[in-house]
Amino acid sequence: MELYDAMSTLRAVRRLKPDPIPTDVLNRVLEAAAWAPTGGNAQPWRIVLVTDPAPKRTLGDLYAASWKAFTKGYADRLKGAPEADRARGARTLAAGDRLAAHFHETPAIAIFCFDARQMAITDAKLDRVSVVGGGSVYTAVQNLMLACRAEGLGCVLTTLLCEHEPAVKRLLAIPDPWGTAAAVPIGYPIGRGHGPIRRRPASSLTYDNRWGEAHK
Ligand SMILES: Cc1cc2nc3c(=O)[nH]c(=O)nc-3n(C[C@H](O)[C@H](O)[C@H](O)COP(=O)(O)O)c2cc1C
């Protein structure tokens, strides 16, 4: 499909069918991840593609625990929001609840791992949270998700499982010093799947030459 169409319709798809994904389709999607740029071309990431029922069940339990904590108070916070936001928020909440309850039924869950030793983390010594290392992982995540979009597969970037990194590492035999950066459940969508997205326009996110100067 056309690249701009893929990018502008790549939304979070949380309602996924349990139907298996053909191996050739999965392999194309994984190859697209491998095409991503990384610092020094080091490719300091790996995917553990989880398809076995037992580990998926455990991942689902861990995910559901984090989702439950994450959404605590969410409905209350929505109450004060404008009607349109409330309706949208309620839909997101319902889709998230559904994903949490059916996480283990997703045919494939891509756990993205990273090795910080293989990264030149140029902001590591600054007095703020470091983000540069993630740039050598999330490019691959985005490539994988765009490829899913092109293949008619639904997916969503999730990070809640990172809260359980020690348990996930034990479960999947991920060695030290590897960490986990994302879990992407992949499956054919129930319903429409990917579609229109709501984002602030580039004009409100871009400055010309100097911070605060509106982009023309
Ligand atoms: C870094 C990151 C972490 C995210 N973590 C989760 C997650 O743990 N669970 C989830 O359901 N969605 C997660 N999302 C999906 C976002 O909530 C979603 O992309 C965003 O709300 C926009 O929704 P849309 O793509 O459907 O428009 C994450 C997205 C990003 C980029």
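Everything below is about the structure shown above.
Read on for a plain summary of the structure. (Residues numbered from 1 in each chain as written. Predicted model: local features only at pLDDT ≥ 70, side-chain atom pairs only at ≥ 80, totals over all residues. Heavy atoms only, no water.)

**Focus: the overall build of the chain**
Item 1. Helices and strands together make up the secondary structure of the chain, namely seven helices and four strands.
Item 2. Listing every helix and strand of the chain by position from the N terminus yields α-α-β-α-α-α-β-α-β-α-β.
Item 3. With the C-alpha coordinates aligned to their principal axes, the bounding extent of the chain is approximately 55 × 45 × 40 Å.
Item 4. Per-residue burial over the chain gives 38% buried out of 216 residues.
Item 5. Looking at the chain alone, contacts between residues at least 24 apart form 80% of all its contacts between residues at least 6 apart.
Item 6. When the 28 basic and 21 acidic side-chain charges of the chain are each reduced to a single mean position, those positions are 5 Å apart. (Helix = DSSP H or I, 4+ residues; strand = E, 2+ residues; numbered from the N terminus. Buried < 20%, exposed > 50% of the residue type's maximum accessible area, 1.4 Å probe, protein only. Contact = heavy atoms within 4.5 Å. Lys, Arg positive; Asp, Glu negative; His and termini not counted. Charge placed at Lys NZ, Arg CZ, Asp CG, Glu CD.)

**Thoughts on the nonpolar core**
Item 1. Counting 28 residues, the largest nonpolar core has Phe 112, Leu 144, Val 184 and Ile 186 as the members making the most contacts within it.
Item 2. Among the elements of the structure, α2 (23–34), β2 (108–114), α6 (138–151) and β4 (179–187) are those that each provide at least two residues to this core.
Item 3. Apart from the residues lying within four places of it in its own chain, the contact partners of Leu 144 are Val 29, Leu 30, Ala 33, Ile 47, Phe 112, Val 184 and Ile 186.
Item 4. In terms of nonpolar packing, the next biggest core, distinct from the first, is built from 20 residues, Val 50, Phe 103, Leu 160 and Ile 174 among them. (Core = buried A, V, L, I, M, F, W, Y, C linked by side-chain atoms within 4.5 Å.)

**Let's talk about the pattern of salt bridges**
Item 1. Enumeration over the complete set of coordinates arrives at eight salt bridges.
Item 2. A salt bridge links Arg 28 to Asp 24; the shortest N-O distance between them is 3.6 Å. Of this pair, Arg 28 and Asp 24 both sit in helix α2, four residues apart, roughly one helical turn.
Item 3. Assessed through its relative accessible area of 42%, Arg 28 is described here as partly exposed.
Item 4. Ionic pairing is found between Arg 88 and Asp 85, a salt bridge with its closest N-O pair at 3.1 Å. With Arg 88 and Asp 85 both in helix α5 (residues 83–102) and three residues apart, the pair spans about one turn of that helix. (Salt bridge = Lys/Arg side-chain N within 4 Å of Asp/Glu carboxyl O.)

**Topic: the sheet that holds strand β1 (residues 45–50)**
Item 1. On the basis of which strands lie adjacent, the open sheet formed by four strands has the order β1-β2-β4-β3 and antiparallel pairing. The open sheet has two edge strands, β1 and β3 (154–155), and neither has a second partner.
Item 2. Note that β2 and β4 share seven bridges and pair antiparallel. Following the sheet pairing, Ile 111 is matched in β4 by Ala 183.
Item 3. On the sheet, α2 packs against β1 and β2 and is oriented at approximately 160 degrees with respect to β1. (Pairing = 2+ DSSP bridges. Axes fitted to C-alpha atoms, helices over the stretch in contact; angles between N-to-C directions.)

**Some details on the site of the ligand**
Item 1. Around the ligand, the neighbouring residues are Arg 11, Ala 12, Arg 14, Tyr 63, Val 156, Leu 157, Thr 158, Thr 159, Leu 160 and Arg 199.
Item 2. Ala 12 is positioned with one of its backbone polar atoms (N or O) 3.0 Å from an oxygen atom of the ligand.
Item 3. Between the ligand and the protein, one listed contact pairs an oxygen atom with a side-chain N or O atom of Arg 199 at 2.7 Å.
Item 4. Across the shell around the ligand, the residue classes tally to five nonpolar, two polar and three charged. (Near = heavy atom within 4 Å. Polar contact = N/O pair within 3.5 Å; in protein donor to acceptor, adjacent residues only side chain to side chain. Nonpolar A, V, L, I, M, F, W, Y, C, P; charged D, E, K, R; others polar.)

**Here we look at α5**
Item 1. Taking 1.5 Å per residue as the helical rise, α5 with its 20 residues ought to reach 28 Å, and the 29 Å between its terminal C-alpha atoms agrees with that figure.
Item 2. Buried residues of α5: Gly 89, Leu 93, Ala 95, Gly 96, Leu 99 and Ala 100, and no others.
Item 3. Structurally, α5 contributes buried residues whose contacts are with α3 (53–71), α4 (74–79) and β4. (Expected span 1.5 Å × (residues − 1).)

**Remarks on the side chain of Arg 149**
Item 1. Relative to the elements of secondary structure, Arg 149 occurs in helix α6.
Item 2. Buried charged residue Arg 149 carries no salt bridge. Nearest counter-charge: Asp 5, at 7.7 Å.

**Points about the packing of α2 against α6**
Item 1. In contact at an axis separation of 7 Å, α2 and α6 are set at 145 degrees when each is read in the N-to-C sense. For the element pair α2 and α6, the recorded crossing hand is right-handed. Together, Val 25, Arg 28, Val 29, Leu 30, Ala 32 and Ala 33 of α2 and Ala 140, Asn 143, Leu 144, Ala 147, Cys 148 and Glu 151 of α6 make up the contact between the two elements.
Item 2. Tallied by class, residues from the contact of α2 with α6 come to nine nonpolar, one polar and two charged. (Left-handed = near helix turned anticlockwise from the far one by under 90°.)

**Considerations on the state of the cysteines**
Item 1. Taken as a whole and judged by the stated rule, the model has zero disulfides.
Item 2. Not engaged in a disulfide, the cysteine Cys 155 finds its nearest cysteine sulfur in Cys 148; these two sulfurs lie 4.1 Å apart.
Item 3. Here Cys 162 stays unpaired: no disulfide links it, and the sulfur of Cys 113, its closest cysteine neighbor, is 9.4 Å away.
Item 4. For Cys 162, a relative accessible area of 26% translates into the label partly exposed. (Disulfide = S-S within 2.5 Å.)

Nothing here speaks to function; it is geometry throughout.
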